[in-house]
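Structural overview for review
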Amino acid sequence: MFNEEERRIAIARLHNEQSDGLDETEKQSFWVSFKKAFTVHSTLCIIGYSCINVSVAGLSTFMPTVIRTLGNYSAIQIQLRTVPPFAVAAVWSVIISYVAWKIQKRGIWIMISVPMAILVSRPE
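The shown structure was predicted, so the numbers you read here are calculated from the model rather than taken from an experiment. (Residues numbered from 1 in each chain as written. Predicted model: local features only at pLDDT ≥ 70, side-chain atom pairs only at ≥ 80, totals over all residues. Heavy atoms only, no water.)

**Describing the overall build of the protein**
Under the convention used in this document: Only DSSP runs of H or I with at least four residues qualify as helices, and only runs of E with at least two residues qualify as strands; both kinds are numbered from the N terminus onward. For every residue, the accessible area (1.4 Å probe, protein chains only) is compared with the maximum for its type, and the residue is labelled buried under 20%, exposed over 50%, or partly exposed between those bounds. Throughout, the Shrake-Rupley method with a 1.4 Å probe supplies accessible areas, and for residues the shown protein chains are the sole cover considered.
Helix and strand counts for the protein stand at 6 helices and 0 strands. For the protein, the succession of helices and strands along the chain, N to C, is α-α-α-α-α-α. For the protein, buried positions account for 9% of its 124 residues. As displayed, the protein offers around 10,700 Å² of accessible surface, 68% of which is attributable to carbon and sulfur atoms.

Structure follows, in C-alpha coordinates:
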(Lines give C-alpha, C1' and ligand atoms only; values in the text may rest on other atoms or scores of the structure.)
Protein backbone atom coordinates (compact mmCIF):
# COMPACT_ATOMS: atom_id res chain seq x y z
CA MET A 1 0.00 0.00 0.00
CA PHE A 2 2.89 2.41 0.81
CA ASN A 3 6.03 2.92 -1.15
CA GLU A 4 9.39 2.74 0.65
CA GLU A 5 9.56 6.47 1.49
CA GLU A 6 5.98 6.57 2.84
CA ARG A 7 6.62 3.44 4.91
CA ARG A 8 9.73 5.04 6.44
CA ILE A 9 7.75 8.20 7.34
CA ALA A 10 4.88 6.18 8.87
CA ILE A 11 7.30 4.13 11.01
CA ALA A 12 9.05 7.31 12.17
CA ARG A 13 5.69 8.86 13.13
CA LEU A 14 4.65 5.75 15.06
CA HIS A 15 7.97 5.72 16.88
CA ASN A 16 7.65 9.42 17.66
CA GLU A 17 4.10 9.00 19.05
CA GLN A 18 5.14 6.09 21.27
CA SER A 19 8.07 7.95 22.76
CA ASP A 20 6.11 11.24 23.23
CA GLY A 21 8.59 12.90 20.91
CA LEU A 22 11.23 13.12 23.64
CA ASP A 23 14.61 11.51 23.87
CA GLU A 24 15.63 9.97 27.18
CA THR A 25 17.75 13.03 27.94
CA GLU A 26 14.72 15.32 27.45
CA LYS A 27 12.35 13.40 29.75
CA GLN A 28 11.94 14.96 33.18
CA SER A 29 10.75 13.61 36.45
CA PHE A 30 7.33 14.54 37.79
CA TRP A 31 8.75 16.78 40.53
CA VAL A 32 10.95 18.76 38.13
CA SER A 33 7.90 19.44 35.95
CA PHE A 34 5.80 20.25 39.04
CA LYS A 35 8.35 22.82 40.24
CA LYS A 36 8.41 24.43 36.80
CA ALA A 37 4.61 24.63 36.71
CA PHE A 38 4.29 26.32 40.11
CA THR A 39 6.74 29.17 39.94
CA VAL A 40 6.11 32.35 41.93
CA HIS A 41 4.78 34.08 38.81
CA SER A 42 2.28 31.36 37.90
CA THR A 43 1.18 30.93 41.53
CA LEU A 44 0.46 34.67 41.87
CA CYS A 45 -1.50 34.58 38.61
CA ILE A 46 -3.55 31.63 39.87
CA ILE A 47 -4.33 33.40 43.15
CA GLY A 48 -5.24 36.66 41.40
CA TYR A 49 -7.47 34.93 38.88
CA SER A 50 -9.21 32.94 41.63
CA CYS A 51 -9.90 36.06 43.70
CA ILE A 52 -11.29 37.95 40.73
CA ASN A 53 -13.38 34.98 39.68
CA VAL A 54 -14.88 34.64 43.17
CA SER A 55 -15.82 38.33 43.28
CA VAL A 56 -17.38 38.25 39.80
CA ALA A 57 -19.34 35.10 40.63
CA GLY A 58 -20.55 36.69 43.87
CA LEU A 59 -21.51 39.88 42.07
CA SER A 60 -23.53 38.05 39.45
CA THR A 61 -25.20 35.82 42.03
CA PHE A 62 -26.20 38.40 44.62
CA MET A 63 -26.73 41.53 42.50
CA PRO A 64 -30.41 40.72 41.75
CA THR A 65 -31.08 40.27 45.48
CA VAL A 66 -29.43 43.59 46.30
CA ILE A 67 -31.42 45.40 43.60
CA ARG A 68 -34.65 43.78 44.81
CA THR A 69 -34.13 45.39 48.23
CA LEU A 70 -33.64 48.85 46.68
CA GLY A 71 -37.13 49.21 45.32
CA ASN A 72 -40.27 47.64 43.98
CA TYR A 73 -39.04 46.29 40.64
CA SER A 74 -40.32 43.48 38.46
CA ALA A 75 -38.12 40.46 37.76
CA ILE A 76 -37.27 41.77 34.28
CA GLN A 77 -36.33 45.22 35.61
CA ILE A 78 -34.10 43.62 38.22
CA GLN A 79 -32.31 41.52 35.61
CA LEU A 80 -31.86 44.50 33.30
CA ARG A 81 -30.36 46.56 36.12
CA THR A 82 -27.62 43.94 36.57
CA VAL A 83 -26.40 44.34 32.97
CA PRO A 84 -24.35 47.61 33.15
CA PRO A 85 -21.40 46.30 35.22
CA PHE A 86 -20.95 43.39 32.84
CA ALA A 87 -21.37 45.57 29.75
CA VAL A 88 -18.67 47.95 31.02
CA ALA A 89 -16.42 44.99 31.83
CA ALA A 90 -16.90 43.55 28.32
CA VAL A 91 -16.05 46.86 26.65
CA TRP A 92 -13.04 47.36 28.96
CA SER A 93 -11.77 43.85 28.18
CA VAL A 94 -11.96 44.39 24.43
CA ILE A 95 -10.26 47.79 24.67
CA ILE A 96 -7.36 46.66 26.83
CA SER A 97 -6.91 43.49 24.78
CA TYR A 98 -6.60 45.54 21.62
CA VAL A 99 -4.24 48.11 23.17
CA ALA A 100 -2.10 45.39 24.79
CA TRP A 101 -1.86 43.60 21.46
CA LYS A 102 -0.88 46.81 19.67
CA ILE A 103 1.83 47.86 22.14
CA GLN A 104 2.87 44.27 23.02
CA LYS A 105 2.73 44.94 26.77
CA ARG A 106 0.22 43.03 28.86
CA GLY A 107 1.42 43.24 32.43
CA ILE A 108 0.70 46.95 32.82
CA TRP A 109 -2.94 46.43 31.83
CA ILE A 110 -3.30 43.64 34.36
CA MET A 111 -1.80 45.92 37.03
CA ILE A 112 -4.34 48.62 36.11
CA SER A 113 -7.34 46.29 35.88
CA VAL A 114 -6.88 44.28 39.08
CA PRO A 115 -7.10 47.23 41.51
CA MET A 116 -10.15 48.50 39.61
CA ALA A 117 -11.80 45.07 39.97
CA ILE A 118 -11.00 45.02 43.67
CA LEU A 119 -12.45 48.50 44.21
CA VAL A 120 -15.61 47.73 42.28
CA SER A 121 -16.28 44.42 44.02
CA ARG A 122 -15.43 45.47 47.58
CA PRO A 123 -18.29 45.42 50.09
CA GLU A 124 -19.58 48.78 51.28
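After that view of the structure, there is still more to cover.
**Focus: unusual backbone geometry**
In the Ramachandran plot, Gln104 falls in the positive-phi region, its phi being about 60° despite a non-glycine side chain. Tracing the chain through its elements places Gln104 in the loop between helix H5 (83-103) and helix H6 (107-121).

**Here's the deal with helix H1 (residues 4-18)**
Definition in use: To estimate the expected span of a helix, subtract one from its residue number and multiply by 1.5 Å. Polar contacts, as used here, are pairs of N or O atoms within 3.5 Å; protein pairs need one atom able to donate a hydrogen and one able to accept it. Residues neighboring in sequence count only if both atoms are side-chain atoms.
An ideal rise of 1.5 Å per residue puts 21 Å on 15 residues; H1 measures up with 21 Å between its terminal C-alpha atoms. One side-chain oxygen at the N-terminal end of H1 lies 3.1 Å from the backbone nitrogen of Glu5; it belongs to Asn3.

**A look at the pattern of salt bridges**
Heads up, the condition is: Salt bridges are defined as contacts in which a side-chain nitrogen from Lys or Arg sits within 4 Å of a carboxyl oxygen from Asp or Glu.
Scanning the model with the defined rule gives 2 salt bridges in all. Across the pair Arg8 and Glu5 runs a salt bridge whose closest N-O atoms are separated by 2.6 Å. One end of the pair is Arg8 and the other is Glu5, both in helix H1 and 3 residues apart, which spans about a single turn. The exposure class of Glu5 is partly exposed, given its relative accessible area of 43%.

**Describing H5**
Compared with the 30 Å implied by 1.5 Å per residue over 21 residues, the 30 Å span of H5 between its first and last C-alpha is a close match. Trailing H5 by a residue or two, Gln104 shows a phi angle of about 60°, which is positive.

**Considerations on the side chain of Ser113**
Applied cut-off: Residues are treated as being in contact if the distance between any of their heavy atoms lies within 4.5 Å.
Structurally, Ser113 is set in helix H6. Given the relative accessible area of 16%, Ser113 is considered buried. Contacts of Ser113, omitting those with residues within four sequence positions, involve Trp92 and Ile96.

The analysis is restricted to geometry; functional conclusions fall outside its scope.
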